[in-house]
Amino acid sequence: MSSRPVAYLTRRECFSACHRLYSEQLSDKENYEIYSKCANPNGHGHNYVVEVTVRGRVDPITGMVMNIQDLKVIMDKAIMQTMDHKSIDKDVPFFANSKIVTTTENVAVFAWDQLKLHMADPSLLHEIKIWETEKNIVVYRGEME
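Residues numbered from 1 in each chain as written. Predicted model: local features only at pLDDT ≥ 70, side-chain atom pairs only at ≥ 80, totals over all residues. Heavy atoms only, no water.

Looking up the chain in an unreviewed UniProt entry gives the name 6-pyruvoyltetrahydropterin synthase, with the organism given as Orchesella cincta. Per UniProt, the chain carries the Cofactor (unreviewed entry) text "Zn(2+)". Under the UniProt heading Sequence similarities (unreviewed entry), the note attached to the chain is "Belongs to the PTPS family." (UniProt positions renumbered as here; feature names shortened; annotations may be inferred.)

If you want it as C-alpha cells, here you go:
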C-alpha cells in the first residue's frame, strides 16, 4: 500500500442549551461550594460552540478525508438534534437517566460517543472541542485512563 497524506478536517457548529451543575452525591452546601452560581436550581444557559475534527488519509480520487456534508449530517444527528435548545439535564435521556453532572467535560464525552454511533468509520474521529464560554473550553480525544 502506498503512503498518502494525512489531513485533519474540522467542522464547527453552535448550539444553545441550559443545564445545572449539581451532583446528587453531594449536599446542597457542597454543590454550591464547588459549582457556585452554576448550581442554581433553575439552571443557566450557554451558547456552546463545538468543533469536531476527523483525521485520516486523503483519498486520491475525492481529495477528501471525509465528505464535509456527511460530517455536517452526523453532527446534526449526534449533537444538534440532541442538545440544541434543550435542558441537557432534563431533555437528554443519557443525562436525565444517569444523573451524570452536565459539566462540559461530560457533554464532550457524550457528544463523542454519539458521533461514533453515527459514523461509517468511527476510527476517523480525532477530537471534539467545546467552548462553553469564550474562556472555558474542553477538548476530548476519546482517551481513557
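Back to the text.
Enquirer: Got a minute to help me understand the pairing of strand 1 (residues 6-19) in this structure?
Expert: Put simply, side chains in a regular strand alternate between the two faces of the sheet. Judged from the 14 bridges that link them, strand 1 and strand 2 (residues 44-57) form a sheet pairing that is antiparallel. The residue of strand 2 that forms the bridge with Phe15 is Tyr48. The pairing of strand 1 with strand 3 (residues 86-87) spans two bridges and is classified as parallel. Counterpart to Ala17 in the pairing with strand 3 is Lys86. (Pairing = 2+ DSSP bridges. Helix = DSSP H or I, 4+ residues; strand = E, 2+ residues; numbered from the N terminus.)

Enquirer: Whenever I open this one, the layout of surface pockets confuses me. Can you help?
Expert: Empty space among the atoms becomes apparent when a probe as large as a water molecule is rolled across them. In this structure, the largest pocket occupies an estimated 310 Å³ of space. What lines the largest pocket is a set of 16 residues, among which Arg20, Tyr22, Glu24, Asp89 and Lys90 lie closest to the centre. When residues of the lining of the largest pocket are traced back to their parent elements, those giving at least two are strand 1, helix 3 (88-91) and helix 4 (93-98). Residue composition of the lining of the largest pocket, by class: seven nonpolar, four polar and five charged. (1 Å grid on protein atoms, 1.4 Å probe; cavity = no way out; pocket = protein on both sides within 12 Å on 5 of 7 lines; lining within 4 Å. Points joined across faces, edges and corners; volume = space filled by probe spheres on them. Nonpolar A, V, L, I, M, F, W, Y, C, P; charged D, E, K, R; others polar.)

Enquirer: Just checking my understanding: could you explain the pairing of strand 4 (residues 125-131) for this structure?
Expert: Of all seven residues in strand 4, five are buried, a share of seventy percent or more. Sheet analysis places strand 2 next to strand 4, joined by six bridges and oriented antiparallel. Bridge assignment links Glu51 to a residue of strand 4, and that residue is Lys129. In terms of strand pairing, strand 4 meets strand 5 (residues 137-140) through four bridges, oriented antiparallel. The residue of strand 5 that forms the bridge with Trp131 is Ile137. Connecting strand 4 to the next strand, strand 5, in antiparallel fashion are five residues. (Buried < 20%, exposed > 50% of the residue type's maximum accessible area, 1.4 Å probe, protein only.)

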